[in-house]
Each structure stands twice: as structure tokens, then as C-alpha cells.
Amino acid sequence: APHIGRTASSSSTEVLTPPRRPSRAKAAARPTPGRQAGTEWGNVEAIAHKVGAEYASEEELRPLDDPSGDMKRAIRGIKSGDWSTRFKAMNNMRRMAMHHADTLRPHTKRVCGLLKTNLESLRSIELKNAILTIVDFTRFLRKDMDVCVDALLPLLLKKATESNQFIRKEALLSLDSMVKNLTKTKFLTS
């Protein structure tokens, strides 16, 4: 909004002058909506909570009542066009890995192919849950995840070199889990 100010040529005349704009450096330093000062992605967990997408802790991932049926529903869910459906399906995949690994094992390669698509997501909430799912898969399926290394490793390495700290941190955690739990020769030759 314009403000009243004095001109240099007339000390008694008041004229409308436009307000001063902040310098580009100051404008860039201000947090934008959805971001917090000092972070690249803002508080992703707060955003996830706001939209109803909660990252499930290990304690919250309870066994499923119908593992075979839930496996089929989770595969359909991961292929969904709706990101929140994919998010919930990934949480169910994590539950499958933790409590029903025998049911998940025959589908490991197929599910990893579907997770690869989520690793390419531009939606940070979905991307983080895909990485958490991969971490749980490597922790609980261990050597059975060897079939997924060729598909997932290049993407995770790329994410680990991102300038974005949030993505880089999560990707490094997943790579660490792979190193600890997969066959070393398979991991190193990929």
C-alpha cells in the first residue's frame, strides 16, 4: 500500500510514494508459506500430519489380520493414482515385511518395482515413506532383497547426492540398511 512521505524538493508538500521493496536477498531469506526458516523442506512431519499421512513407527505397525488379502490390496494401493492411497499401501507393506515376511517374499521383486516409482515421486511425504519401506524391507527380508538391488540402488545413490538435506539423509539411511543386510557381493557388483 502507498504511504505518505516527503519529497526531497519540497519540505512542506506531502505526496504518495510507493513503499520500499525489500532487497532480493532479504526477500529470499524470508520463509515462504509451508517452509520454515533454516530448512530446505520445512517440517515434513508437520505437513504429513496436517494432510492425514502419518509415518508409522515400528510400534504402530501391528500384524495384519488377513496377510494374503492385505498383500493384494497393498499392491493395488501402491499402483493407485491417489498419493494418500499409495502412502497407506506402503505402510501396509512395512507391516507385511515386519510381521508377514513369508507372505511378502514371493512378491518382493514386483513390489520393489512399484516402490521404484514412489522413489521418483516429487511429493516429499510419499518419497520418505517409500524410503522407510525399503529400509524395513532390507531389515526384515534381508538377503531376499538382493533381487531388488539393481532396480533400487541407482535411484537411492542419486537421492543420496541430492543437495536437499532431507532427501539425502533418508537415502543414506536406506543405503546403510542395504549394506548391513544384503549380500555384500550382490551389493558391490550392482
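See the structure above.
Notes on the structure in this doc start here. (Residues numbered from 1 in each chain as written. Predicted model: local features only at pLDDT ≥ 70, side-chain atom pairs only at ≥ 80, totals over all residues. Heavy atoms only, no water.)

Section: the environment of Arg139
Short version of the rule: Numbered from the N terminus, helices here are DSSP runs of H or I no shorter than four residues, and strands are runs of E no shorter than two. By the convention used here, residues are in contact when the closest approach between their heavy atoms is within 4.5 Å. Between N or O atoms, a polar contact is any pair within 3.5 Å; within protein, one atom must be a potential hydrogen donor and the other a potential acceptor, and residues adjacent in sequence are included only when both atoms are from side chains.
Looking at the secondary structure, you find Arg139 in helix H7 (residues 124-141). As a C-alpha pair, Arg139 and Ser177 span 38 residues in sequence and 6.7 Å in three-dimensional space. Leaving out residues up to four positions away in the same chain, Arg139 has contacts with Glu58, Ser177 and Asn181. In this structure the side chain of Arg139 is engaged in a polar contact, spanning 3.0 Å, whose partner is the side chain of Asp136.

Re the packing of H7 against helix H9 (residues 165-181)
Let me state the cut-off plainly: Inter-axis angles, ranging from 0 to 180 degrees, are taken between N-to-C directions of lines fitted to C-alpha atoms, where helices are fitted over the stretch in contact. An angle counts as roughly parallel when it lies under 35 degrees, as roughly antiparallel when it exceeds 145, as roughly perpendicular when it falls between 65 and 115, and as oblique in every other case. For a crossing to be left-handed, the near helix must be turned anticlockwise from the far one by less than a right angle; the clockwise case is right-handed. Three classes are used, and their members are as follows: Ala, Val, Leu, Ile, Met, Phe, Trp, Tyr, Cys and Pro are nonpolar, Asp, Glu, Lys and Arg are charged, and the others, Gly among them, are polar.
At a minimum axis distance of 8 Å, the contact between H7 and H9 shows a crossing angle of 15°. Viewed along their axes, H7 and H9 adopt a mutual orientation that is roughly parallel. Judged by the twist between their axes, the crossing of H7 over H9 is left-handed. Residue-level inspection shows Ser124, Leu127, Lys128, Ile131, Leu132, Ile134, Val135, Thr138 and Arg139 of H7 in contact with H9, the latter providing Phe166, Ile167, Glu170, Ala171, Leu173, Ser174, Ser177, Met178 and Asn181. Among the residues making up the contact of H7 with H9, the classes are represented as 10 nonpolar, 5 polar and 3 charged.

With respect to the pattern of salt bridges
The cut-off we apply is this: Think of a salt bridge as a Lys or Arg side-chain nitrogen and an Asp or Glu carboxyl oxygen that are within 4 Å of each other.
Applying the stated criterion across every chain yields a total of 8 salt bridges. Arg73 serves as the salt-bridge partner of Asp70, at 2.7 Å between the closest nitrogen and oxygen. Here Asp70 and its partner Arg73 are both found in helix H3 (residues 67-78), 3 residues apart, which amounts to about one turn of the helix. Arg139 serves as the salt-bridge partner of Asp136, at 3.0 Å between the closest nitrogen and oxygen. On the criterion of helical spacing, the pair formed by Asp136 and Arg139 is a turn pair, its members being 3 residues apart in helix H7.

Focus on the environment of Lys158
Considering the arrangement of structural elements, one finds Lys158 in helix H8 (residues 149-160). Put simply, Lys158 and Ala171 are 13 residues apart on the chain and 8.6 Å apart in space, counted from C-alpha to C-alpha.

A short note on the side chain of Asn129
Structurally, the position occupied by Asn129 is in helix H7. In terms of polar contacts, Asn129 uses its side chain to reach the backbone carbonyl oxygen of Phe87, at 3.1 Å.

Side note on the packing of helix H6 (residues 108-119) against H8
Viewed as axis vectors pointing N to C, H6 and H8 meet at an angle of 20°, and their least axial separation amounts to 10 Å. One finds that H6 runs roughly parallel with respect to H8. Where H6 crosses over H8, the handedness of that crossing is left-handed. Only Ala151, Leu152, Leu155, Leu156 and Lys159 of H8 make contact with H6, whose side of the interface consists of Cys112, Lys116 and Leu119. In terms of residue class, the contact of H6 with H8 is built from 6 nonpolar, no polar and 2 charged.

Here we look at H3
Cut-off, in case you're wondering: By definition here, a helix of n residues has an expected span of 1.5 Å times n minus one. Burial classification: accessible surface area is computed with a 1.4 Å probe over protein chains only, and a residue below 20% of its type maximum counts as buried, one above 50% as exposed, and the rest as partly exposed.
Over its 12 residues, H3 extends 16 Å from the first C-alpha to the last, a length consistent with the 16 Å expected when each residue adds 1.5 Å. Of all the residues in H3, the buried ones are Pro67, Gly69, Asp70, Met71, Ala74, Ile75, Gly77 and Ile78. Taken together, the buried residues of H3 touch helix H4 (83-99), helix H5 (101-104) and H6.

Re unusual backbone geometry
Phi is positive for Arg142, close to 45°, though the residue is something other than glycine. You can see Arg142 is positioned in the loop between H7 and H8.

Remarks on the side chain of Ser177
Counting through the fold element by element, Ser177 comes out in helix H9. Residue class for Ser177 comes out buried when judged on its relative accessible area of 6%. Those residues in contact with Ser177 that lie beyond four places of it in its chain are Val135, Thr138 and Arg139.

Let's talk about the packing of aromatic side chains
Convention followed: Note on aromatic contacts: the rings of Phe and Tyr and the six-membered ring of Trp form a pair at centre separations within 6.5 Å, being stacked when their planes are under 30 degrees apart, edge-to-face when over 60 apart, and tilted otherwise.
For the structure shown, the criterion picks out 1 aromatic pair. Considering the side-chain rings of Trp83 and Phe87, the 6.4 Å spacing of their centres and the 85° angle between planes classify their relative orientation as edge-to-face. Residue Trp83 and its partner Phe87 are located together in helix H4, separated by 4 residues, close to a single helical turn. On the accessibility criterion, Trp83 (16% relative accessible area) is buried.

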